[in-house]
Amino acid sequence: MSSSARKSARVVLLVALLAAISWWLAQSEDSAEPDDAEAPAQEVASASPRVGSYSESEEAGALPLAFEGLRQRAEAGEARAACQLGAKLMYCASVQRLLDRDLQEWVAKSEQILAQKGQLDDANRFAQMQLLAIAARRECAGLPAQAGRMGHAWMRRAALAGEPDAMLLHASGETLVTSFEDGWSFLQDERFKQWRAEAPAMLQSLLEQGDPAALIALLRGYENRQYLGWITAPDPDRALTLSLLAQEVFNRPGGLPSGGYSFDLREPDQRRRYREAMLRAREWHRQYFGGQKHETKPHFQRLEGPTGMGDSKFDPPSVCGAEWGVQ
């Protein structure tokens, strides 16, 4: 199987898993088990937004003993600890639906069926889900219902304190959706307003500090992708400059967002603007990045949010050096 085909298969499997999660939770306890490993053919319903207020007070609340060490350090002003705590809380909130007993029975049965069919890669992914459930029950036990929102608040606090990884995730919008249950409720409270006001300056600051991941995030915004696309005003010259900057910053820039720019170099005015953008990109490379080159993969990984909902590996996040299994 080609690389692109394998990637497509992983995407299809992930969609199937998410559909299965929504389907299982919509059934009554006496629902019949599926007869095959195929997930139900229905769309995943988005979580209903809950109208309500949101404030930093959601940082407060009882946490299990395993989280208290991090919280004490975070409350003492340690930004990196606040980032780790936020990542852990959001991850735990996001995987709660994976712990449903009926779903786990379906996952185990699906693994067996796929293994019998010789589809070992897919069977292994279902096995990973079972291992995740075992680890998550141990790591995430006893958290309050608002753990995801608490995680967002701690991550934002770390970002405002200048922790680079927290700034990157908060500014790129990767901490807005904290769980299936919380869904798009961030549109109904202060979280979206705060993020919209804070994200542009935060990403610009990271760019000027020479953070390659911030450059990727900005290009996504200009390409109208992901959350940043909602708040990024069209600016063809800046988009082109950032895209040309990426050619300078990354060793192998293939696969990067293009920035959504469009120029016709047959036109004299557009050729002039292209040349100006190229000179500006070279200056920013020297000024912000010290003329250094970087690999793309580590910085794409840094842009992956701390929730487990969209991770095909279902691995707990290591954001800001967060460790798991350490009490």
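Given the structure is predicted, the values throughout are model-derived calculations rather than measurements. (Residues numbered from 1 in each chain as written. Predicted model: local features only at pLDDT ≥ 70, side-chain atom pairs only at ≥ 80, totals over all residues. Heavy atoms only, no water.)

### Re the layout of surface pockets
Heads up, the rule is: Here a cavity means grid points, on a 1 Å grid over the protein atoms only, where a 1.4 Å probe fits yet cannot get out; a pocket means an open set of points with protein on both sides within 12 Å along at least five of seven lines; lining residues are those with an atom within 4 Å of a point. Grid points are joined across faces, edges and corners, and a volume is the space filled by probe spheres set on the points. In DSSP terms, a helix is any run of H or I states spanning at least four residues, a strand is any run of E spanning at least two, and both are numbered starting from the N terminus. Under this grouping Gly is polar, as are all residues other than the nonpolar Ala, Val, Leu, Ile, Met, Phe, Trp, Tyr, Cys and Pro and the charged Asp, Glu, Lys and Arg.
If you add up the space inside the second largest pocket, you get close to 270 Å³. Lining the second largest pocket are 20 residues, and of these A93, Q96, P144, A145 and A147 sit closest to its centre. Elements supplying a minimum of two residues to the lining of the second largest pocket: α3 (79–94), α5 (120–139) and α6 (147–160). Per-element tally for the lining of the second largest pocket: the top contributor is α6, with three residues. When grouped by side-chain class, the residues that make up the lining of the second largest pocket number ten nonpolar, five polar and five charged.

### Considerations on the side chain of E174
For the record, the criterion: Here, residues are in contact when the closest pair of their heavy atoms is within 4.5 Å.
For E174, the location among the structural elements is in the loop between α7 (164–171) and α8 (190–208). Apart from the residues within four sequence positions on either side, E174 is in contact with L169, Q226, L303, G305 and P306.

### Topic: the packing of aromatic side chains
Where we set the bar: Stacked, tilted and edge-to-face are the three classes applied to pairs of Phe, Tyr and Trp rings, where Trp contributes its six-membered ring and a pair requires centres within 6.5 Å; stacked means planes under 30 degrees apart, edge-to-face means over 60, and tilted covers the rest. Buried, partly exposed and exposed residues are distinguished by accessible area as a fraction of the type maximum, computed with a 1.4 Å probe on protein chains only: under 20%, between the cut-offs, and over 50%, respectively.
Evaluated as defined, the whole model comprises ten aromatic pairs. Between F192 and W195 the ring centres are 5.7 Å apart and the planes differ by 45°, which places this aromatic pair in the tilted class. Note that F192 and W195 are positioned in helix α8 at a spacing of three residues, about one turn of the helix. Accessibility expressed as a relative area gives 0% for W195, which makes it buried.

### Quick look at the packing of α3 against α6
Selection criterion: Axis definition: a line fitted to C-alpha atoms, over the contacting stretch in the case of helices. Angles run 0 to 180 degrees between N-to-C directions. Any angle from 65 to 115 degrees is called roughly perpendicular, while one under 35 is roughly parallel, one over 145 is roughly antiparallel, and all others are oblique. Whether a crossing is left-handed or right-handed is set by the direction in which the near helix is turned from the far one by less than a right angle, anticlockwise for left-handed and clockwise for right-handed.
The contact between α3 and α6 brings their axes to 7 Å, and the two run at 155°. It follows that α3 is roughly antiparallel to α6 by the angle criterion. The element α3 and its partner α6 pack so that their crossing is left-handed. Along its contact with α3, which presents A79, A82, C83, L85, G86, A87, L89, M90 and A93, the element α6 presents A147, G148, M150, G151, H152, W154, M155 and A158. Residue composition of the contact of α3 with α6, grouped by class: 13 nonpolar, four polar and no charged.

### What to know about the state of the cysteines
We apply this condition: A pair of cysteine sulfur atoms is labelled a disulfide when the two atoms are within 2.5 Å.
As enumerated under the stated definition, the model contains two disulfides in all. Here C83 engages in a disulfide with C320; their sulfurs sit 2.0 Å apart. Disulfide C83-C320: the torsion about the S-S bond is 80°, which places it as right-handed. With C83 in helix α3 and C320 in the segment after α13 (297–302), this residue pair connects regions lying 237 residues apart in the sequence. Each sulfur of the disulfide joining C92 and C140 lies 2.0 Å from the other. Between C92 and C140 the disulfide shows an S-S torsion of about -70°. By sign, it is left-handed. With C92 in helix α3 and C140 in the loop between α5 and α6, the pair connects residues that are 48 residues apart, well separated along the chain.

### Points about the nonpolar core
As a reminder, the rule being used: Throughout this description, the term nonpolar core refers to a set of buried Ala, Val, Leu, Ile, Met, Phe, Trp, Tyr and Cys residues connected via side-chain atoms within 4.5 Å.
Residues L89, L203, L215, L242 and L245 are the most contacted members of the largest nonpolar core, which totals 68 residues. With residues near it in sequence (within four places) discarded, L245 still touches L207, L215, A281, W284, H285 and F289. Among the nonpolar cores identified, the runner-up in size contains six residues, and W106, L114, A123 and M129 belong to it.

### Digging into the pattern of salt bridges
Convention followed: Counted as salt bridges are all cases of a side-chain nitrogen of Lys or Arg within 4 Å of a carboxyl oxygen of Asp or Glu.
Applying the stated criterion across every chain, the model contains 16 salt bridges. The partner of R286 in a salt bridge is E283, with the nearest N and O atoms 2.4 Å apart. Taken together, the residues R286 and E283, both in helix α12 (residues 268–289) and three residues apart, mark about one turn of the helix.

### A few points about the environment of M90
Within the fold, M90 resides in helix α3. A residue is classified by how much of its surface remains accessible, and M90, at 0% relative accessible area, is buried. With residues near it in sequence (within four places) discarded, M90 still touches G148, G151, H152, M155, T175, T178, P306 and T307.

### Here's the deal with unusual backbone geometry
In this model, N224 sits at a positive phi of 60°, which is unusual for a non-glycine residue. Here N224 is to be found in the loop between α9 (212–222) and α10 (228–231). Among the residues examined, N224 registers a relative accessible area of 55% and is labelled exposed. A positive phi is found at Q226, a non-glycine position, where the angle reads about 55°. The exposure class assigned to Q226 is partly exposed, which follows from its relative accessible area of 42%.

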